2 protein chains.
Amino acid sequence: MYKAPVDEIAFTLKHVAGLSKAIDEGRLGDLSDDLVDAILSEAGRFASDEVAPLAEIGDRQGARLVDGKVIVPDGWADLYRQWTEGGWNALVAPEEFGGQALPHMLNVAALEMWNSGSMAFALGPTLTMGASEALAAHGSAALKEKFLHKMVSGEWTASMNLTEPHAGSDLGVMKSRAERRDDGTYRIFGQKIFITWGEHEVTDNIVHLVLARLPDAPAGTRGISLFLVPKFLVNDDGSLGPRNDLHCHSLEHKLGIHGSPTCTMIYGDGKFGGEPGAIGYLVGEENKGLACMFTMMNNARLAVGMQGVAICEAATQKAVDYAKERTQGKAPGWTGSGMSPIIEHPDVARMLVTMKALTQGSRAICYSCAHAIDMAHHTEGADAAFWQERSALLTPIAKSFATDAGVDVASLGIQVHGGMGFIEETGAARYLRDARIAPIYEGTNGIQAIDLVTRKLPLANGDHVRGFIAELKAIADQVRASNLDGLGATAERLSASLADLEEATEWMLARLAEGDAATALSGATPYQRLFGLALTGCYLAKGGLADEENGRDTRIALCRFAAENLIAETAALKDRVINGAASLTAARVLFA
Amino acid sequence: MYKAPVDEIAFTLKHVAGLSKAIDEGRLGDLSDDLVDAILSEAGRFASDEVAPLAEIGDRQGARLVDGKVIVPDGWADLYRQWTEGGWNALVAPEEFGGQALPHMLNVAALEMWNSGSMAFALGPTLTMGASEALAAHGSAALKEKFLHKMVSGEWTASMNLTEPHAGSDLGVMKSRAERRDDGTYRIFGQKIFITWGEHEVTDNIVHLVLARLPDAPAGTRGISLFLVPKFLVNDDGSLGPRNDLHCHSLEHKLGIHGSPTCTMIYGDGKFGGEPGAIGYLVGEENKGLACMFTMMNNARLAVGMQGVAICEAATQKAVDYAKERTQGKAPGWTGSGMSPIIEHPDVARMLVTMKALTQGSRAICYSCAHAIDMAHHTEGADAAFWQERSALLTPIAKSFATDAGVDVASLGIQVHGGMGFIEETGAARYLRDARIAPIYEGTNGIQAIDLVTRKLPLANGDHVRGFIAELKAIADQVRASNLDGLGATAERLSASLADLEEATEWMLARLAEGDAATALSGATPYQRLFGLALTGCYLAKGGLADEENGRDTRIALCRFAAENLIAETAALKDRVINGAASLTAARVLFA
């Protein structure tokens, strides 16, 4: 069973991602290392002892639509109530609405633990947090007063309604429509699909944020508005009013995250009688709905990245436990009696260390991204702009690298288990099934790569990414200067990977300067992975250098493994970026 | 829906894997290119029109244990009967027992198509073919006369009973026991797990081949004997006698291949009354059971490799179809009206071409392995020894590379589908669920790597693999000399990969010569992948050079893509082989 790695999480936050430095510099108010430890420790206890034990039943039962009601798995409603009572829904929200206004870094660390416990369970609150953030940033005072307190506490959940059957990655073509009413409200009509936790009985009300198009809206993404559409209308005294004209038509039958209801939502078909049209309230300005979404998009993408980290951690723990207990054959050099634990076989050890390195690399990248988000909030002027750029640059890498790692690590976890890995009761297969959605939703990893190359590399005319690479080179220099035992060829390997990253980056910037997006985009995915691998190497090394205590040996060993076994792939990735486009273009003949 | 790529299969068999040359040289009797085409065409029709349409229901219903009977999905029993009536179970079996004695190459190609149609369905017959081969090679004349005709026709299926809870990869520790009886029969007692198609009602009888240990057997793998244990005893006139003392205790709940019953079998617990003990007949000699298994192991492993190829092909077809139809966004350079088909986006095109290259590379490797098996059967003396070595060398690469490709390609196929890929009804997710077992069973891919390095590289003191690499270099030379348009940097890329392969191979041979198995095995998996990637590049190029007709442009384009985008990874793999062991060993501190 999953046990939250609280010490590892705390170390990575503090010493790799920059939390301790930010605290020392007084950026984070009266937050202290001790308070951080206390919060993480309690979150870890809840995730390990309360969430994780209910993951398997959630997967097996799944969410079900019974007599028009969406039923979540046994025990999940109580679990959710306990979780909100612990205040976990409110970590980062503004104090004005009952939040604790803690740094995103802490919330991200907690999200990792909830998702390791059960990704299907943690997904619902993740959406509520995102919706709360959008409403806090763009909602009117009245709307916030009426809805935000209960969204922050978790008394009501929220959902995000973007996707339609013909509008997934491209929201510009959505058809859901909104009509203005004289009283300042709107009526919403349309069908939305893939709506996570769109309907359930766990809370008394559900707040839907819905993108729709006004009759006179411009075509495309500039004609989309954002509406708050509650399941039950809310009276001025806060009590619940009539049922609104929206309902869940059906649930999806999915590969994974079975406990999370994925709903097709119908707005405004008059199902409950009366004049058709779901009553909605505008959030932000008309036709600026996508901009409202974008304010929360970095955080939402990072939250999905945390799902990748979470699966990596949980799958690795499970595989290591199994490999220590299961005996089979005799590994080379094995001198014990009987069969060796399979962890002694070099091939199994290679899988497990690879899993560890991808887990820790993904975690460090994601936490570093959260750190940049926090710093952007807690600095001003040029500093804030710098950290805003840093978070923007890191977001697509965090989302894509961690979610790809989630799939790869979960798949390796199955392999370590041998035949038992294919048996559902073992639990290793669930990690792969759950993990597989994360590279897709909240912007596919291919879209992250487009974002990275076309919008993030050009920040500050390319100087932001150049400055970041210079920071990373300084880590390699520190490794070189450290003379620490056990680092092997880490310094040279890091330098080589960073040279690959630099060359590929300059090549990308040159293509963009030429206006040759097609060629640049042909290499966007390998470039994104290259960046993630180089970061993994550097952040693992940073951890090794920072650790003065007992864990240093293991950190050094892990960073050396990554340097000498994993990151050499950057050379091939750079080659693919720079030399791969012509043959990709030529290969279009295959589909003619 | 899957449509068997009969032309592609025929081309690869004939012009890449060597079938036409073998026919021209008269190695294969009166087999002609036309007969090959006719057989493939009819197999393709059956796989596309009869098998594939029943795959989804097989996945959804799964095999079920109802009132002690194992029930296969609706329509599967009829499908199986049609399939055997077509003679498909008997393609390679000896004519003496009703087989057609056709080359393995044809059976392997047909297996690909059955598995593309439904891997869960095709798995049962695959086991029957393996058992038939073992019985043909090692059974007594009486035993063969009584059982083999019906196993060859498919009137009875067969199962292979090796695994026990504590004996998976390491069969030496198995506990199932056999007792001698005065009449020359044996009584079998024990529990076997993961028994594919171990019980069902599709045929009147099931022939179990069971490994067990005699009371006075030596410890370990040298004390294992092989027994034929029928579900129903068979009278001398061929009619069915009493039920034997064996039964299916339970079915596994698996990630994939749901339609295939995976049984826990109990032998000899007296469930049906009378003296306990399942009546078994010795196959081969006492204590030589594993040797009997080894005669069929190459073919069985290759058959699993074909499952990887099969999933690659089916998943790729599905993804290409979707990517041509689904529109979303505007790809760079898109001049059509409205949104582009997503296949126009470079990232999607990269995924699809990668899928095509891995499919075709895996297919070529597996067919080449089958060709070597056929040539070993149809040559004599030194030639036969040479082809025996070639098939031995290629088997672990074929099994591992193709099954890893199956998982990777199926996962990419989900990604191409975006959110729809995660919805089970789409069908893309099933390919990943089914594919995931293939790197595990019939010897995990880690065990294939151990086999490749420690048993196959040393063949002919290393000269076999050296000769093979020389053959591959000749392909690179032909590419260089061809002056064909469109090959780009293929020649240089192939040469570089083959240099990596050669260097890694010599390094491995040197470690083995030193007796340093631990260091060699630390790099066995990356070495195995390196070999597979280099072969993919060479075989795709061989196909491009061989094609004089319409498909040449696409073959050249595909081989160039593989050369310029995929096989550069061999450099990092070589590095991992040669330089990776020390840091892997050091990383053991992580698990201390």
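Cut-offs applied
- Residues numbered from 1 in each chain as written.
- Chains lettered and ligands numbered in written order.
- Predicted model: local features only at pLDDT ≥ 70, side-chain atom pairs only at ≥ 80, totals over all residues.
- Heavy atoms only, no water.
- UniProt positions renumbered as here; feature names shortened; annotations may be inferred.
- Axes fitted to C-alpha atoms, helices over the stretch in contact; angles between N-to-C directions.
- Helix = DSSP H or I, 4+ residues; strand = E, 2+ residues; numbered from the N terminus.
- Parallel < 35°, antiparallel > 145°, perpendicular 65-115°, else oblique.
- Left-handed = near helix turned anticlockwise from the far one by under 90°.
- Contact = heavy atoms within 4.5 Å.
- Nonpolar A, V, L, I, M, F, W, Y, C, P; charged D, E, K, R; others polar.
- Least-squares fit on C-alpha atoms with pLDDT ≥ 70 in both.
- Domains from an automatic or database assignment.
- Buried area = accessible area lost by both parts, 1.4 Å probe.
- Salt bridge = Lys/Arg side-chain N within 4 Å of Asp/Glu carboxyl O.
- Polar contact = N/O pair within 3.5 Å; in protein donor to acceptor, adjacent residues only side chain to side chain.
- Buried < 20%, exposed > 50% of the residue type's maximum accessible area, 1.4 Å probe, protein only.

Going by what an unreviewed UniProt entry lists, chain A is known as Acyl-CoA dehydrogenase and is assigned to Ciceribacter thiooxidans. What the UniProt record of chain A gives under Sequence similarities (unreviewed entry) is the line "Belongs to the acyl-CoA dehydrogenase family." Under the UniProt heading Cofactor (unreviewed entry), the note attached to chain A is "FAD".

(A) Structural context of the packing of helix α11 (residues 381-416) of chain A against helix α13 (residues 445-456) of chain A. Residues and elements named next belong to chain A. Contact geometry of α11 with α13 gives a least axis separation of 9 Å together with a crossing angle of 155°. Comparing the axis directions of α11 and α13 gives the class roughly antiparallel. The hand of the α11/α13 crossing is left-handed. Where α11 abuts α13, its residues Ala 392, Leu 393, Pro 396, Ile 397, Lys 399, Ser 400, Thr 403 and Asp 404 lie against Asn 445, Gln 448, Asp 451, Leu 452 and Lys 456. Residue classes in the contact of α11 with α13 are distributed as 5 nonpolar, 4 polar and 4 charged.

(B) Just the relation of the copies chain B and chain A, in detail. Rotating chain B by 180° about the axis while translating it 0.0 Å along that axis superimposes it on chain A, leaving an RMSD of 0.0 Å. What the superposition gives is, in effect, a two-fold axis relating one chain to the other. Minimal C-alpha separation from the rotation axis in chain B is found for Glu569(B), amounting to 3.3 Å. When the interface residues of chain B are mapped onto chain A, 100% of them again lie at the interface, so the same face is used by both copies.

(C) Inspection of the domain arrangement of chain A at higher detail. All names here are of chain A. Taken domain by domain, chain A consists of domain 1 (6-153), domain 2 (157-291) and domain 3 (445-580). Between the C-alpha centres of domain 1 and domain 3 the distance comes to 31 Å. Facing the 4 residues of domain 1 at the interface are 6 residues of domain 3. Summing both partners gives a buried area of about 450 Å² for domain 1 against domain 3, and 58% of it is carried by carbon and sulfur. Taken as a group, Phe 11, His 15 and Val 16 account for 88% of the area that domain 1 buries against domain 3, more than any other trio of residues on that side. Summed over the shared surface of domain 1 and domain 3, the number is 1 salt bridge. Inspection of the domain 1/domain 3 interface yields 2 residue pairs in polar contact (both at pLDDT 80 or more). Here the residues of the side of domain 1 that touches domain 3 are counted per class, giving 2 nonpolar, 1 polar and 1 charged.

(D) Structural detail: the packing of helix α6 (residues 104-117) of chain B against helix α7 (residues 119-138) of chain B. All names here are of chain B. Their axes nearest at 6 Å, the elements α6 and α7 cross at an angle of 145°. Facing α6, whose interface residues are Asn 107, Leu 111, Trp 114, Asn 115 and Gly 117, α7 presents Met 119, Ala 122, Thr 126 and Met 129. When grouped by side-chain class, the residues that make up the contact of α6 with α7 number 5 nonpolar, 4 polar and no charged.

(E) Summary view of the interface of chain B and chain A. Between chain B and chain A, the contact holds 86 residues from the first and 86 residues from the second. At the boundary of chain B with chain A, total buried surface from both sides reaches about 7,300 Å², with 63% on carbon and sulfur atoms. For the pair chain B and chain A, the number of links is 4 salt bridges. We note a salt bridge from Glu344(A) to Arg588(B), for which the minimum N-O separation is 3.8 Å. The tally of links between chain B and chain A comes to 40 residue pairs in polar contact (both at pLDDT 80 or more). For the side of chain B that touches chain A, the class distribution of residues is 41 nonpolar, 23 polar and 22 charged.

(F) Summary view of the UniProt feature "domain: Acyl-CoA oxidase/dehydrogenase middle" (unreviewed entry) in chain A. Mapped onto the present numbering, the UniProt feature "domain: Acyl-CoA oxidase/dehydrogenase middle" (unreviewed entry) falls on residues 160-266 of chain A. In residues 160-266 of chain A, helix accounts for 0% and strand for 45%; the two terminal C-alpha atoms are 14 Å from one another.

(G) Quick peek at the pattern of salt bridges. Evaluation of the coordinates by the stated rule reveals 78 salt bridges over all chains. For the salt bridge of Glu313(A) with Arg363(A), the shortest nitrogen-to-oxygen distance reads 2.7 Å. Of this pair, Glu313(A) sits in helix α9 (residues 289-325) while Arg363(A) sits in helix α10 (residues 346-378); the two residues are 50 residues apart in sequence, bridging distant segments of the chain. Accessibility expressed as a relative area gives 11% for Glu313(A), which makes it buried. Accessibility expressed as a relative area gives 1% for Arg363(A), which makes it buried. Residue Asp451(B) is joined to Lys456(B) by a salt bridge in which the shortest nitrogen-to-oxygen separation is 2.7 Å. The same class applies to Asp451(B) as to Lys456(B), namely buried. Bridged by salt links that share partners, the residues Glu42(A), Arg45(A), Asp49(A) and Glu50(A) form one connected network.

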